[in-house]
Each structure stands twice: as C-alpha cells, then as structure tokens.
Amino acid sequence: MSDSALQNTPHRRFNPLTREWVLVSPHRTQRPWQGKVEGIAAIANMQFDPGCYLCPGNQRAGGARNPKYTNTFVFDNDYAALLPDVPQVSANDADLLVANSEAGICRVVCFSPRHDLTIPLMPSADVRQVVDVWSQQFQELESHPWIRHIQIFENRGALMGASNPHPHGQIWSTDFLPNLPSRELSAFEDYASAKRSCLLCDYLRLELEKNERVVCRNDGFVAVVPYWAEWPFEVLLLSKRHVAAMHELASDERDLLADILKQITVRYDNLFQTSFPYSMGFHQRPADGAAHAEWHLHAHYYPPLLRSATVRKFMVGYEMLGMPQRDITPESAAKCLADLPAIHYQLRDGTP
Ligand code: H2U
Ligand code: ZN
C-alpha cells in the first residue's frame, strides 16, 4: 500500500529501534488539526525564588546549600534512586523470582541560575554551556570502570512529574544497561551486521528524501516526528554526522546542538502558547569504554499533550494491554510543528 493510502487506513507501524509496533488510526481524526488553544499554563515569572531548592545560594531539601552559581550547577542527587556503594546481592527462585542489586550515581544539572528561564527562553550561548556540561559529565562518569550506561534526561512540567519549574535535568548512571537502550543496542548491532550501515544514518537519509516528517533542522542536526511515534508530538533528534556520543561532537556541532534544542522547544511552547511539558533524553552509546561504531547519537522527546494545553494523551486501556495507538498521524503532527513560528511567543514583542 502506498504512503498516501495509509493516511486514511488503520495500520501498524514498526519501530526499528525497539522492534515494537504502534497502531495508527488516522480515520479517527477527520481533520488533522483542530487548532484549539485553551488556557495558558503559567511560566515562572520570578528570576529568583527564595523558596526554590535549585536557585543559587539557597538551601536544598537535603540540607546542603547551593553555591551562588552563575551559569550551570551539577550536584549529586540528595534523594538518589541509585547509590554507588551497595552490597552485591542477588536472588533467583526457579527463574521466577529474580533480582540483583545495582549500583549507580545520580546527579541533578541546573541549566541556569535564572528560575524563570527554560531552554526555549535561554540564550543559545547558555544552552551551549549545558551541552558542554552534559558532555563533561558523560566523560567523567564513564571514567568509573563499573558504570555501563549514562542517562541524561529532562522532565519538564508538573504534568511530567517535575518537582520544580527551575530549569534542570537529571543524570542517572548505572552499572547495567537499562531496558530501552539495551533494545536499541541490539537493533543497531543487528542492522549493522545485516546491512553494513547505520540504522539511523539510513533512516535520516530517508526522512530527508521524503521531507514529510521533518520539524526543523540545521547543518548538524535534524528533528523529525518519527514514522513510528507513539506520543502525538513525539520528536526524534538525530545528529547528521555518525557519532556515538555527545562529547565526540566538534565545537561548532555543539553550538548546532544548542540551536536545535531551542528550535524544537520553541515550537513546542508555541504549539499551545504554553510551557510545553515533556520528558526528553539523549541515547548515547553504552558507557563501557568500547567505541560502539554501530551506535548513532540521538535524543527522544516524549510530550503528553494532544490537542490543547489541557488535553493530554493517556496510555491506557488498549495501550496498557495491547500496544500503543495514535490518531493524529506523525505526518500531520510534524506539519503542525514545522509550520509554527521559530520565535518564542513570549519573545515576539521583546525580551520577557
Ligand atoms: P525532578 O524535578 O525531575 O523531580 O528532579 C528534581 C530532582 O532533584 C529529584 O530527583 C532532587 C530530587 O531527588 N532533589 C535534590 O537532590 N535535593 C533537593 O534538595 C530537592 C530535590
Ligand atoms: Zn529556582
């Protein structure tokens, strides 16, 4: 069946990174876009919040005091999900009750001393500093011989469970490969040995040829709503050059990464004229010291909103029991995002 016939027919699409399927039901939305804008979610309006545990100079909930930092600030999570020193314990009862103790290091990264800025509102040069900090953190954490995976991510907005509007992300590094990167690793390896090329280099080439799902791009990066997207406005960010980790990017490519992070999130905020919630994170090669030539640096954005600032998608019912499903097609979602202004709605009349 041709691509255009699929636009009106229920179908499944294959995700080659996880090797799972998503159900697409385009006939359920007769019109791809209702253009509905409801309620403006508040963006923090104070530069410094004396009650914020991430603002410079303030005391954290754990008792420590933040330095009066002026650009970025990294600290060990006071309530870390994983700890570096744990006893080696394992259990296995009939291969049914199976558990292993796991070690890890969890950190919090403050992107800016300003309480009211988010990545789409930060100057590009400041976002570039965040890129440098992420790269340094990867290299520093990888130097621990027992670390195998470093997950850099950002939960933004109360809807995604973020505890604080202050711009920040987290890093969880672990002595094991988590489920999703582990599936991606097998997919990259199998594709490389079957086709003698890179899964995401080939996918990027196809997306640029077809130009149906590209949201924005620059000389170093391309953001698409992936063919297999589960969330309505999901985005996959791909480096144009085949690199396996962020610290392999050259200086100009790091500037381009900062630029594309802003391009994506400005469009997100402009979509419903709100501070758009999402979880995003980078998938870099396993941090086990090997080169992993098969791996291609990418980032996933998973935003929950569907039709307005208040209407979200729930992964329930069939999705919990069967498989993920979507109505609005990735093609129409990409077009919505691509057609939005590249200037943040709050900055159109000057600085906030
Ligand atoms: P979230 O907004 O995504 O919840 O991230 C904030 C993290 O900050 C969270 O993991 C940590 C929480 O454990 N935190 C501290 O380390 N110290 C504090 O004083 C408060 C919160
Ligand atoms: Zn703050």
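Every value quoted in this text rests on a predicted model; they were computed, and no experiment measured them. Counting from 1, residues in each chain are numbered in the order their sequence is written. Labels are handed out in written order, letters beginning with A for the chains and numbers beginning with 1 for the ligands. Where totals are concerned, whole chains, interfaces and linings use all residues; where local detail is concerned, this predicted model gives features only for residues with pLDDT of at least 70, and gives and counts side-chain atom pairs only at 80 or more. Excluding hydrogens and water, the side-chain figures rest on all heavy atoms present in the structure.

### A few points about the side chain of glutamate 319
Runs of H or I in DSSP of at least four residues are treated as helices and runs of E of at least two as strands, each being numbered from the N terminus. For glutamate 319, the location among the structural elements is in helix H6 (residues 318-321). You can call glutamate 319 buried: its relative accessible area is 15%. Nitrogen and oxygen atoms within 3.5 Å of one another constitute a polar contact, given that in protein one can donate a hydrogen and the other can accept it, and given that sequence-neighbouring residues count only through two side-chain atoms. Within the structure, the side chain of glutamate 319 is placed 3.2 Å from the backbone nitrogen of glutamine 325, a separation counted as a polar contact. The contact criterion used throughout is that any non-hydrogen atoms of two residues lie within 4.5 Å. Setting aside chain neighbours within four positions, we find glutamate 319 in contact with Lys313, Phe314, Pro324 and Gln325. Relative accessibility decides the category of a residue: with a 1.4 Å probe and only protein chains considered, values under 20% of the type maximum give buried, values over 50% give exposed, and everything between is partly exposed.

### Section: the domain arrangement of the protein chain
When the parts of a complex come together, some accessible area is lost, and that lost area is often used as the size of the interface. Throughout the structure description, domain borders are defined by an automatic or database domain assignment. As far as domains go, the protein chain holds domain 1 (3-178) and domain 2 (180-347). Contacts between domain 1 and domain 2 engage 62 residues on the former and 78 residues on the latter. Note on definitions: buried area is the accessible-area loss of two parts on being combined, 1.4 Å probe, summed for both. Approximately 6100 Å² of surface area, both sides summed, lies buried where domain 1 meets domain 2, with 59% of it carried by carbon and sulfur atoms. Think of a salt bridge as a Lys or Arg side-chain nitrogen and an Asp or Glu carboxyl oxygen that are within 4 Å of each other. Our count for the contact surface shared by domain 1 and domain 2 stands at eight salt bridges. Put simply, arginine 254 and aspartate 132 hold a salt bridge, and the shortest N to O gap is 2.8 Å. Along the contact surface separating domain 1 from domain 2 lie 29 residue pairs in polar contact (both at pLDDT 80 or more). The set of elements that each furnish at least two residues to the side of domain 1 that touches domain 2 consists of helix H1 (3-6), strand S1 (11-15), strand S2 (20-24), helix H2 (124-142) and strand S7 (149-156).

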